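Structural description and commentary
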Amino acid sequence: MATPRVGIIMGSDSDWPMVQKAAETLKSFGVECEVRVMSAHRTPEDAFDYSGTAEARGLKVIIAAAGLAAHLAGVIAAHTVLPVIGIPVAGGPLNGVDALYSTVQMPSGIPVATVGIGNATNAGLLAVQILGVEDPALREKLHAYKTGMKEKVRAANAKLNASL
Ligand code: RP5
């Protein structure tokens, strides 16, 4: 198997049903990934080791998902120069708004590119776009993906109007 270019990490295996859409999106573009559960508060040593060795192991982008007081993406970003994409996970009494703020509101100097609450598909796409900057074949696939999306919308329009 090729060295994974994207690392997907999440605070709990309970996040996986949502996070797996990021893995599926990467797979649909032929981008290899690895998946790990680790937590900034339950297994802080693992988060430290993972982020500190990610670059040397060949990862290019990290996707980090967490819910509640979601500090995982920020902690990971603190220990690497790789781009980190954060996915706030819905759940708890605030239903993901706490995770959104915790992930997106990183202080200046340590950015986390945050997607919408639960939007693992966009996290996967953003990772593909980042890799695409240096990978023309991937950029071609992204063009085809956008074209396909346009065709779908136009076909829906044609169908709606044909039924009038
Ligand atoms: C966060 O706490 C995890 O990312 C998860 O979204 C949330 C709840 O975790 P579990 O109690 O389901 O393990 O750290």
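Residues numbered from 1 in each chain as written. Predicted model: local features only at pLDDT ≥ 70, side-chain atom pairs only at ≥ 80, totals over all residues. Heavy atoms only, no water.

Examining the site of the ligand
Just so we agree on the cut-off: Whether a residue is near a molecule or strand depends on its heavy atoms: if one lies within 4 Å, it is near. N or O atoms within 3.5 Å of each other form a polar contact, as long as, within protein, one can give a hydrogen and the other can take it, and as long as residues adjacent in sequence are counted only when both atoms are side-chain atoms. Here the accessible surface of atoms and residues is derived via Shrake-Rupley with a 1.4 Å probe, and residues count as covered only by protein chains that are part of the display. Classification convention: Asp, Glu, Lys, Arg as charged; Ala, Val, Leu, Ile, Met, Phe, Trp, Tyr, Cys, Pro as nonpolar; all other residues, Gly among them, as polar.
Looking at the ligand, the residues that line it are G11, S12, S14, D15, H41, R42, A66, G67 and L68. Between an oxygen atom of the ligand and a main-chain N or O atom of G67, the distance comes to 3.1 Å. Here the ligand loses 72% of its free accessible area of 360 Å² to cover by the protein chains. In terms of residue class, the shell around the ligand is made up of two nonpolar, five polar and two charged.

Overview of the sheet that holds strand 5 (residues 113-114)
Paired through backbone hydrogen bonds, the strands of a sheet run either parallel or antiparallel to each other. Here is the rule: Criterion used throughout: strands pair if DSSP finds at least two bridges between them. Helix and strand assignments follow DSSP, with helices taken as H or I runs no shorter than four residues and strands as E runs no shorter than two, numbered in order from the N terminus.
One open sheet accounts for five strands, arranged 2-1-3-4-5; its pairing is parallel. Each of the sheet's edge strands pairs with one partner strand only, and the pair in question is strand 2 (33-37) and strand 5. Here five bridges tie strand 1 (residues 6-10) to strand 3 (residues 61-67), and the two strands are oriented parallel to one another. The residue of strand 3 that forms the bridge with V6 is V61.

Topic: helix 5 (residues 120-132)
This is how it is decided: Take the number of residues in a helix, subtract one, and multiply by 1.5 Å to get its expected span. The cut-offs for exposure are 20% and 50% of the maximum accessible area for each residue type, with area from a 1.4 Å probe on protein chains only; residues under the lower value are buried, those over the upper are exposed, and the others partly exposed. In what follows, a contact means two residues having at least one pair of non-hydrogen atoms within 4.5 Å.
Spanning 13 residues, helix 5 covers 18 Å between terminal C-alpha atoms, matching the ideal 18 Å at 1.5 Å per step. Considered for burial, the residues of helix 5 that qualify are A120, A123, G124, L125, A127, V128, L131 and G132. Close packing links the buried residues of helix 5 with strand 1, helix 1 (16-28), strand 3, strand 4 (84-89) and helix 6 (136-162).

Side note on the pairing of strand 1
Note the following rule: By convention, orient the strands away from the viewer: a clockwise path from the first strand over the helix to the second makes the crossover right-handed.
By the criterion of burial, strand 1 is predominantly enclosed, with five of the five residues buried. Burial along strand 1 is two-sided: V6, I8 and M10 facing one way and G7 and I9 facing the other are all buried. Pairing geometry for strand 1 and strand 2, over five bridges, is parallel. The partner of G7 across the bridge, within strand 2, is E34. Chirality of the crossover, the property in question, places the unit of strand 1, helix 1 and strand 2 among those that are right-handed.

What about the nonpolar core?
Operational definition: Throughout, nonpolar core names a set of buried Ala, Val, Leu, Ile, Met, Phe, Trp, Tyr and Cys residues whose side chains join them through atoms within 4.5 Å.
In this structure, V6, I8, L26, V31, I63 and I87 are the most contacted members of the largest nonpolar core, which totals 25 residues. Looking at this core, the elements with two or more residues in it are strand 1, helix 1, strand 3, strand 4, helix 5 and helix 6. The biggest single contributor to this core is helix 5, with six residues. Ignoring anything within four residues of it in the chain, the contact list for I87 reads M18, I63, A64, A65, A66, V115, G116, G118, N119, A120 and A123. Listed in part, the 19 residues of the second largest apolar core include A40, A64, L72 and V84.

Digging into helix 4 (residues 97-104)
Our working rule: Note: the arc covers the axis-to-C-beta directions of the helix.
Residues D98, A99 and T103 constitute the buried set of helix 4. Across the axial projection of helix 4, the buried residues extend over an arc of 120 degrees, all falling on one side. For helix 4, the secondary structure elements touched by its buried residues are strand 3, helix 3 (72-78), strand 4 and strand 5.

Notes on the packing of helix 1 against helix 5
For the record, the criterion: Interaxial angle, 0 to 180 degrees, is taken between N-to-C directions of lines fitted to C-alpha atoms, where a helix line uses only the stretch in contact. If you view the pair so one helix is near and one far, a crossing is left-handed when the near helix is turned anticlockwise from the far one by less than a right angle, and right-handed when it is turned clockwise.
The geometry of helix 1 relative to helix 5 is characterised by a closest axis approach of 7 Å and an angle of 35 degrees between their N-to-C directions. Read as a crossing pair, helix 1 and helix 5 show a hand that is right-handed. Contacts from M18, V19, K21, A22, T25 and L26 of helix 1 reach helix 5 at A120, T121, G124, L125, A127 and V128. The residue makeup of the contact of helix 1 with helix 5, split by class, is eight nonpolar, three polar and one charged.

Topic: the domain arrangement of the chain
As a reminder, the rule being used: For the domain bounds, the source is a domain assignment made automatically or taken from a database. Here the quantity called buried area is the total loss of accessible area, with a 1.4 Å probe, experienced by two parts when brought into contact, counted for both. The working definition used for a salt bridge is a side-chain nitrogen of Lys or Arg within 4 Å of a carboxyl oxygen of Asp or Glu.
Assigned domains within the chain: domain 1 (6-133) and domain 2 (136-164). Its C-alpha centre places domain 1 at a distance of 29 Å from the equivalent point of domain 2. Between domain 1 and domain 2, a total of about 660 Å² is buried, with carbon and sulfur atoms accounting for 72% of that surface. Linking domain 1 with domain 2 are zero salt bridges, by the criterion used here. Our enumeration of links across domain 1 and domain 2 arrives at three residue pairs in polar contact (both at pLDDT 80 or more).

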